[in-house]
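Architecture at a glance
Residues per chain are reported as follows:
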Amino acid sequence: MTARHQIDAVLFDLDGTLLDTAPDMAAALNRLLLEQDRAELPFERLRPVVSHGSLGLLRAGFGADLDPEQLPGLTQRFLEIYAGALAVNTTPFEGAAEVLDALENAGTPWGIVTNKPGWLTQPVLEALELQQRAGCVVSGDTLEQRKPHPAPLHHAAKLLGQDPRNCIYVGDAERDIQAGRAAGMVTLVASYGYIESHETPETWNADGSLSRLQDLKEWLTVATAR
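Quick look at the structure, then.

Definitions and limits used
Residues numbered from 1 in each chain as written. Predicted model: local features only at pLDDT ≥ 70, side-chain atom pairs only at ≥ 80, totals over all residues. Heavy atoms only, no water. Buried < 20%, exposed > 50% of the residue type's maximum accessible area, 1.4 Å probe, protein only. Helix = DSSP H or I, 4+ residues; strand = E, 2+ residues; numbered from the N terminus. Arc of directions from axis to C-beta. Contact = heavy atoms within 4.5 Å. Pairing = 2+ DSSP bridges. Right-handed = clockwise from strand over helix to strand, strands pointing away. Core = buried A, V, L, I, M, F, W, Y, C linked by side-chain atoms within 4.5 Å. Phe/Tyr/Trp six-rings, centres within 6.5 Å; stacked < 30°, edge-to-face > 60°.

Comments concerning helix 6 (residues 118–127)
Given 3.6 residues per helical turn, the α-helix brings residues three or four places apart onto the same face. Within the span of helix 6, buried status applies to Gly118, Leu120, Thr121, Val124 and Leu125. The buried residues of helix 6 all sit within an arc of 160 degrees when viewed along its axis, so they share a single face. Its buried side turned inward, helix 6 meets strand 2 (19–20), helix 4 (71–83), strand 4 (110–113) and strand 5 (136–138). Backbone geometry just after helix 6 places Glu129 at a positive phi near 60 degrees.

Pasting the structure below:
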């Protein structure tokens, strides 16, 4: 981190960054596969694609057999299954409680910017008692634009009353880093998240990476000690 950065707020992506939603999303896909008379897939194969949402999971599950004409119906059914069991095995990533407590104790606001639609985002946050703690929640349908467009991040900073240049955005997908950079924020890759083997986060031009969520505290310490 360079001395010019004053960190006044932290924003997180949701899936693969703040919450480990992969178990429930993978379970929903496997249930859909069984309904379609297909074999279930191992969790290890599905976990890396969760950050790419329903489309990414459906592509992983159906491969070349994914018929574009059937995609809307499959997507709807997948979301129905997932919505019915979205907080069964979903948990905050290790260190999340520690990091959020540290932010709140320091009076540093934090929020969430995700491409997940609000009708799925809100119930999972409520189930994990995070909805009321977050200073803002910007979902994929809050605005017309979604990441990698910077508008959701600018909107989140405005809701928190902060200058985007003094915000950190943490995410595990390239679009997160693209959005954060375009918004003028400090960007950190959640390398512990859902990143596929062929992806190269080191080329995303982020300001840094976190091998575990607790490492975020070091960035905040450097910022406050500048």
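Topic: the side chain of Lys147
With respect to the helices, strands and loops of the structure, Lys147 is situated in the loop between strand 5 and helix 7 (151–160). Here Lys147 falls in the buried class, since its relative accessible area comes to 4%. Dropping the residues within four chain positions of it, Lys147 is found in contact with Asp13, Val113, Thr114, Asn115, Pro152, Tyr169, Arg175, Asp176 and Ala179.

Considering the pairing of strand 4
Neither face of strand 4 is exposed, since Trp110 and Ile112 on one face and Gly111 and Val113 on the opposite face are all buried. Bridge count for strand 1 (residues 9–12) against strand 4 is three bridges, and the pairing is parallel. When the bridges of strand 4 are listed, Val10 appears paired with Trp110. In terms of strand pairing, strand 4 meets strand 5 through three bridges, oriented parallel. Residue pairing across strands places Gly111 opposite Cys136, the latter belonging to strand 5. Read as a crossover between parallel neighbours, the route from strand 4 over helix 6 to strand 5 is right-handed.

Notes on helix 7
Buried within helix 7 are the following residues: Ala151, Pro152, Leu153, Ala156, Ala157 and Leu160. Turning to helix 7, the residues buried within the fold contact strand 1, strand 4, strand 5, strand 6 (167–171) and helix 8 (174–182).

Looking at the nonpolar core
In terms of nonpolar packing, the biggest core is built from 52 residues, with Phe12, Trp110, Ile168 and Leu216 touching the most fellow members. Per-element accounting of this core gives the leading share, seven residues, to helix 1 (residues 22–35). Once residues lying within four places of it in the same chain are set aside, the contact partners of Leu216 are Val10, Phe12, Val99, Ile168, Val170, Leu188 and Leu210. Core analysis: the second largest hydrophobic core is formed by 14 residues, Val138, Leu153, Cys167 and Tyr169 among them.

Quick notes on the packing of aromatic side chains
Any aromatic ring pair is given by two values, namely how distant the centres are and how the planes are angled relative to each other. Under the criterion given, the structure shown has four aromatic pairs. Summarising the aromatic geometry, the rings of Phe12 and Trp110 are spaced 6.2 Å apart at their centres and angled 75 degrees between planes, so their arrangement reads as edge-to-face. Of this pair, Phe12 sits in strand 1 while Trp110 sits in strand 4, and the two are 98 residues apart along the sequence. Of the aromatic side chains, those joined through ring pairs into one cluster are Phe93, Tyr192 and Tyr194.

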